[in-house]
Amino acid sequence: MKKYKNDKDLYFDYRDAKTLGRYIDSYGRIEPIAKTGLSAKQQRQLAIAVKRARHLALLPFISNN
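As the structure is a computational prediction, the values presented were derived from the model and not from experiment.

A. Expanded view of the packing of aromatic side chains. This structure, assessed with the given rule, holds one aromatic pair. Considering the side-chain rings of F12 and Y23, the 5.5 Å spacing of their centres and the 85° angle between planes classify their relative orientation as edge-to-face. A residue pair is termed long-range when its members are at least 10 positions apart, and F12 in the segment before α1 (17–21) and Y23 in the loop between α1 and α2 (33–36) qualify at eleven residues. Neither F12 nor Y23 differs from the other in exposure class; each is buried. The ring of Y14 carries the charged tip of R15 above its face, separated from the ring centre by 5.6 Å.

Rules and cut-offs
Residues numbered from 1 in each chain as written. Predicted model: local features only at pLDDT ≥ 70, side-chain atom pairs only at ≥ 80, totals over all residues. Heavy atoms only, no water. Phe/Tyr/Trp six-rings, centres within 6.5 Å; stacked < 30°, edge-to-face > 60°. Helix = DSSP H or I, 4+ residues; strand = E, 2+ residues; numbered from the N terminus. Buried < 20%, exposed > 50% of the residue type's maximum accessible area, 1.4 Å probe, protein only. Lys NZ or Arg CZ within 6 Å of the ring centre and 35° of its normal.

Structural data, given as structure tokens:
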């Protein structure tokens, strides 16, 4: 997934649960930078979007496993 590092126009929308779900592991945690391949700025934007989606109940806080 290292293809996004140089993508300057990458934007994470908190309403797009399908895209955000790709960056969440099976335990409900946000994947680290080493695994996602995002830059630090993009990883911060991802974290904010995931937290907003969780607050609005679009994403679960923990998995059901």
